[in-house]
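Coordinate inspection notes
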Amino acid sequence: MINTASVFKDLNDYDKTLVNIALDWAIKNCHLYSCGESDERRTRSNTTLAKFKFEAENYTFPKEELDVLNKALNYFHTELIKRNISPYDEDEKTLDIMHISLRKITRQLEDFVFVDYQS
């Protein structure tokens with residue numbers, strides 16, 4: 001189990017809501033970034049578990065859940081950049097705020113995953 005409280009505990013309400021939106025989107029659309037049917041089921045299951053833990057402010061994840069959480073946030077951010085997520089594709093100000101927030105969260109998570117956890 002990997003404790004990621006250093007990444008998530010100080011997020012403001014907007015950032016937490018954005019992470020939840022990204023995880024909801026990832027659960028519904030994991031077929032877009034999974035390799036096959038069995039991978040899709042495993043990804044959806046791990047993403048759902050990560051979402052439940054995140055909502056409960058339990059920031060301790062097994063490696064598989066942490067990997068899909070990181071993947072989901074990055075994929076959601078990429079789709080926002082490409083303007084493939086329609087509720088947000090017209091409002092520039094909202095998009096800018098979301099990009100800034102997601103960039104901050106994903107960088108902190110990647111720094112944790114690839115620097116802190118790997119050492």
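A few points on the structure. Only a predicted model underlies this, so the values are computations on that prediction, with no experimental measurement involved. (Residues numbered from 1 in each chain as written. Predicted model: local features only at pLDDT ≥ 70, side-chain atom pairs only at ≥ 80, totals over all residues. Heavy atoms only, no water.)

Applying the stated criterion across every chain yields a total of seven salt bridges. As a salt-bridge pair, Lys51 and Asp24 come within 3.2 Å of each other at their nearest N and O atoms. Separated by 27 residues along the polypeptide, Lys51 in helix 3 (residues 37-55) and Asp24 in helix 2 (residues 13-29) bring together distant segments of the chain. A residue is classified by how much of its surface remains accessible, and Lys51, at 8% relative accessible area, is buried. (Salt bridge = Lys/Arg side-chain N within 4 Å of Asp/Glu carboxyl O. Helix = DSSP H or I, 4+ residues; strand = E, 2+ residues; numbered from the N terminus. Buried < 20%, exposed > 50% of the residue type's maximum accessible area, 1.4 Å probe, protein only.)

Moving on: the packing of helix 2 against helix 4 (residues 63-81). Between helix 2 and helix 4, the shortest axis-to-axis distance is 9 Å and the interhelical angle comes to 90°. For the element pair helix 2 / helix 4, the angle class is roughly perpendicular. Side by side, helix 2 and helix 4 meet where Leu18, Val19, Ile21, Ala22, Leu23, Trp25 and Ala26 of the first sit next to Leu69, Ala72, Leu73, Tyr75, Phe76 and Glu79 of the second. Its residues assigned to classes, the contact of helix 2 with helix 4 shows twelve nonpolar, no polar and one charged. (Axes fitted to C-alpha atoms, helices over the stretch in contact; angles between N-to-C directions. Parallel < 35°, antiparallel > 145°, perpendicular 65-115°, else oblique. Contact = heavy atoms within 4.5 Å. Nonpolar A, V, L, I, M, F, W, Y, C, P; charged D, E, K, R; others polar.)

All right, on to the packing of aromatic side chains then. Describing an aromatic ring pair means giving the distance of the ring centres and the angle of the ring planes. Tallied over the entire structure, the rule returns six aromatic pairs. An angle of 85° between the planes, with centres 5.2 Å apart, marks the rings of Phe8 and Phe54 as edge-to-face. Of this pair, Phe8 sits in helix 1 (residues 5-8) while Phe54 sits in helix 3, and the two are 46 residues apart along the sequence. Overall, the relative accessible area of 3% leaves Phe54 in the buried class. When the centroid spacing of 6.5 Å and the interplanar angle of 80° are considered together, the rings of Phe8 and Phe61 count as edge-to-face. (Phe/Tyr/Trp six-rings, centres within 6.5 Å; stacked < 30°, edge-to-face > 60°.)

For helix 4, with 19 residues, the first-to-last C-alpha span of 27 Å sits near the 27 Å given by 1.5 Å per residue. Turning to helix 4, its buried residues number three or more, namely Glu65, Leu66, Val68, Leu69, Asn70, Ala72, Leu73, Phe76, His77, Glu79 and Leu80. (Expected span 1.5 Å × (residues − 1).)

Right, let's talk about the environment of Asn3 for a bit. Mapped onto the elements of the fold, Asn3 is located in strand 1 (residues 2-3). Sequence separation between Asn3 and Asn58 is 55 residues; the distance between their C-alpha atoms is 8.7 Å. The contact partners of Asn3, leaving out residues within four places of it in the chain, are Tyr59, Thr60 and Phe112. Of note is the side chain of Asn3, whose polar atom sits 2.9 Å from the backbone nitrogen of Ala5. (Polar contact = N/O pair within 3.5 Å; in protein donor to acceptor, adjacent residues only side chain to side chain.)

Another aspect to go through is the side chain of Asp15. One can find Asp15 in helix 2. Taking relative accessible area as the criterion, Asp15 reaches 3% and is therefore assigned buried. A distance of 2.2 Å separates a polar atom in the side chain of Asp15 from a polar atom in the side chain of Ser101. In contact with Asp15, not counting residues within four places along its chain, are Ser101, Lys104 and Ile105.

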